[in-house]
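# Residue-level structural notes
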Protein chains: 2
Amino acid sequence: MDYHAIDLHGKLSLISEKWSPRVVAEVNDYQVKLARIEGDFVWHRHDETDELFLVLSGEMTILFRDGEVTLREGEMYVVPRGIEHCPRAAAQCSILLLEPRGVRNTGDAGGERTAENDVWI
Amino acid sequence: MDYHAIDLHGKLSLISEKWSPRVVAEVNDYQVKLARIEGDFVWHRHDETDELFLVLSGEMTILFRDGEVTLREGEMYVVPRGIEHCPRAAAQCSILLLEPRGVRNTGDAGGERTAENDVWI
């Protein structure tokens with residue numbers, strides 16, 4: 001057994017690339033990921049799963065086709081499966097994501113913003 | 001669609017009872033729960049699932065039969081399925097839990113510390 005705490009801000013300090021989620025833990029077949037984000041991501045959806053966003057520092061907005069939600073430190077939101085969304089951060093922001101193992105960051109959209117999956121830190 | 005952020009500390013302020021997890025969100029069939037804890041809980045295990053603990057404020061220790069891990073604000077730990085553990089907090093502590101819907105807080109132990117399940121705030 002490994003009895004070491006997972007320090008989220010310590011793990012975040014190891015991430016330099018933006019929009020590249022890194023896995024820090026698994027709960028059954030779900031993964032807890034951390035990411036640094038800044039700027040606009042791409043519009044996409046995940047038809048097979050909900051997706052949790054929790055802001056650890058900074059502020060982000062999740063755009064929807066008919067609205068948006070802004071998340072500040074200590075705030076979270078669950079994007080329902082199948083709903084198109086576009087994450088955005090005006091300035092540097094650090095987030096925690098929770099979703100099943102294997103979910104692609106760009107969902108149905110794919111393309112050049114697709115990050116390598118299942119990369120642990 | 002409900003475009004309201006879930007403010008974890010705001011939700012925590014609605015909880016008075018200790019050791020009674022309250023649901024704040026679902027991700028597919030998983031639930032995000034918040035709890036205020038203080039003192040010793042009971043030894044138990046969950047044979048069917050891992051369980052994530054994330055400390056939002058204060059400090060807690062998870063005792064195992066052969067060791068322990070202490071978690072401070074911003075630190076997390078995943079207790080593997082089937083492993084006996086006993087959560088403890090010397091002073092007031094607020095935590096976020098993640099586990100599949102329907103998991104009983106006292107696991108196999110049951111007893112008087114068993115909280116009502118699936119209570120949302």
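Figured I'd write up the structure that's included with this text. (Residues numbered from 1 in each chain as written. Chains lettered and ligands numbered in written order. Predicted model: local features only at pLDDT ≥ 70, side-chain atom pairs only at ≥ 80, totals over all residues.)

### Re the overall build of chain A
Of regular secondary structure, chain A possesses one helix and eight strands. In sequence order, chain A lays out its α and β elements as β-α-β-β-β-β-β-β-β. On C-alpha atoms alone, chain A measures out to a radius of gyration of 14 Å, which is about the 14 Å that the 2.2 N^0.38 rule sets for 121 residues. The principal-axis extents of the C-alpha atoms in chain A amount to approximately 45 × 30 × 25 Å. Sorting the 121 residues of chain A into buried and exposed places 37% on the buried side. Taking the intrachain contacts of chain A between residues at least 6 apart in sequence as the baseline, contacts between residues at least 24 apart amount to 66%. (Helix = DSSP H or I, 4+ residues; strand = E, 2+ residues; numbered from the N terminus. Rg over C-alpha atoms; globule rule 2.2 N^0.38 Å. Buried ≥ 20, exposed ≤ 12 C-beta atoms within 10 Å, placed from the backbone. Contact = placed C-beta atoms within 7 Å.)

### What about unusual backbone geometry?
Its identity as a non-glycine residue notwithstanding, W19(A) has a phi of 60°, on the positive side. Among the secondary structure elements, W19(A) is positioned in the loop between α1 (8-12) and β2 (22-27).

### Quick look at the interface of chain A and chain B
Taken together, the contact pairs 28 residues of chain A with 28 residues of chain B. Those elements that place two or more of their residues in the side of chain A that touches chain B are β1 (6-7), α1, β2, β6 (67-72) and β7 (75-79) of chain A. Ranked by the residues each element gives to the side of chain A that touches chain B, the list is headed by β6(A), at five residues. Counted by class, the side of chain A that touches chain B contains 16 nonpolar, seven polar and five charged residues. One ladder, built from two bridges, connects β1(A) with strand β7 (residues 75-79) of chain B; its direction is antiparallel. Bridge pairing links I6(A) to M76(B) in β7(B). (Nonpolar A, V, L, I, M, F, W, Y, C, P; charged D, E, K, R; others polar. Pairing = 2+ DSSP bridges.)

### Quick word on the environment of W19(B)
All names here are of chain B. When the 19 C-beta atoms within 10 Å are taken as the criterion, W19 is described as partly exposed. Separated by 84 residues in the primary sequence, W19 and V103 place their C-alpha atoms 14 Å from one another. Apart from the residues lying within four places of it in its own chain, the contact partners of W19 are A35, I37, F41, N105, R113 and A115.

### Focus: the relation of the copies chain A and chain B
Overlaying chain A on chain B yields an RMSD of 0.0 Å, the required transformation being a rotation through 180° with an accompanying axial translation of 0.0 Å. Expressed as a symmetry operation, the mapping of one chain copy onto the other fits a two-fold axis. A shared interface surface links the copies, since 100% of the contact residues of chain A are contact residues in chain B too. (Least-squares fit on C-alpha atoms with pLDDT ≥ 70 in both.)

### Quick word on the environment of G67(A)
As for its position among the elements, G67(A) is in strand β6. On the neighbour-count criterion, G67(A) (10 C-beta atoms within 10 Å) is exposed.

### Description of the pairing of strand β3 (residues 30-40) of chain B
Residue and element names in this part refer to chain B. The buried fraction of β3 is high, at eight of 11 residues. Sheet analysis places strand β2 (residues 22-27) next to β3, joined by five bridges and oriented antiparallel. Looking across to β3, one finds that A25 is bridged to V32. Between the antiparallel neighbours β2 and β3 lie two residues, among them N28 with a positive phi of about 55°. With 10 bridges joining them, β3 and strand β8 (residues 85-100) adopt antiparallel strand pairing. Bridge pairing in β8 links D40 to R88.

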